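# Structure at a glance
Listed below, chain by chain, are the residues.
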Amino acid sequence: MTQIPQHHPMARGTKYGLVILATAFLNIGLFPITYILTPLFAGIVCGFLVVSTKRAVLGGYLGAFIVFVPLEILTAPALMDYLVQSGALTMAEIQEMILVFYLLLILAASLISILGATGGLFGSKLKRRRV
């Protein structure tokens, strides 16, 4: 009689990476619907899929960070144009602090990603309570 293996053939880290990637795609898909709360909802789904609380929080954070950093950087020129047209800053001032400007955008993306981490925590606690 043959014995059925008890482990899944896919490595544990690969499954976790795929959950993070799925969370990133969920962030992209939900963004037109829920806007700023998107990382929270995607993090809840990630936390529900990943049982470990630490992995759920990290997965929710990374899933949002992977999406929002490129989004912030790609929309930076439009933001610069808006700041110049509204009179808040001049183009010379923006050019002087261009590095700080992009670092602030990355910081903003990481702050939004904290919502994803919070969602991961909620999802993990929800899964543990349900089981």
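Structure's up top.
Here we summarise the structure given alongside this text. (Residues numbered from 1 in each chain as written. Predicted model: local features only at pLDDT ≥ 70, side-chain atom pairs only at ≥ 80, totals over all residues. Heavy atoms only, no water.)

## Considering the nonpolar core
Grouped together as the largest cluster of nonpolar side chains are six residues: Ala76, Met80, Leu83, Ile94, Phe101 and Leu105. Looking at this core, the elements that each hand over two or more residues are helix H4 (76–86) and helix H6 (98–130). The dominant element in this core, judged by the number of residues it contributes, is H4, at three residues. With sequence-adjacent residues up to four places away left out, Ile94 is seen in contact with Met80, Leu83, Val84 and Leu89. (Core = buried A, V, L, I, M, F, W, Y, C linked by side-chain atoms within 4.5 Å. Buried < 20%, exposed > 50% of the residue type's maximum accessible area, 1.4 Å probe, protein only. Helix = DSSP H or I, 4+ residues; strand = E, 2+ residues; numbered from the N terminus. Contact = heavy atoms within 4.5 Å.)

## Describing the side chain of Ser113
Tracing the backbone shows Ser113 in helix H6. The exposure class assigned to Ser113 is buried, which follows from its relative accessible area of 0%. In terms of polar contacts, Ser113 uses its side chain to reach the backbone amide nitrogen of Phe65, at 3.1 Å. (Polar contact = N/O pair within 3.5 Å; in protein donor to acceptor, adjacent residues only side chain to side chain.)

In short, the description is geometric, and any link to function would need to be established separately.
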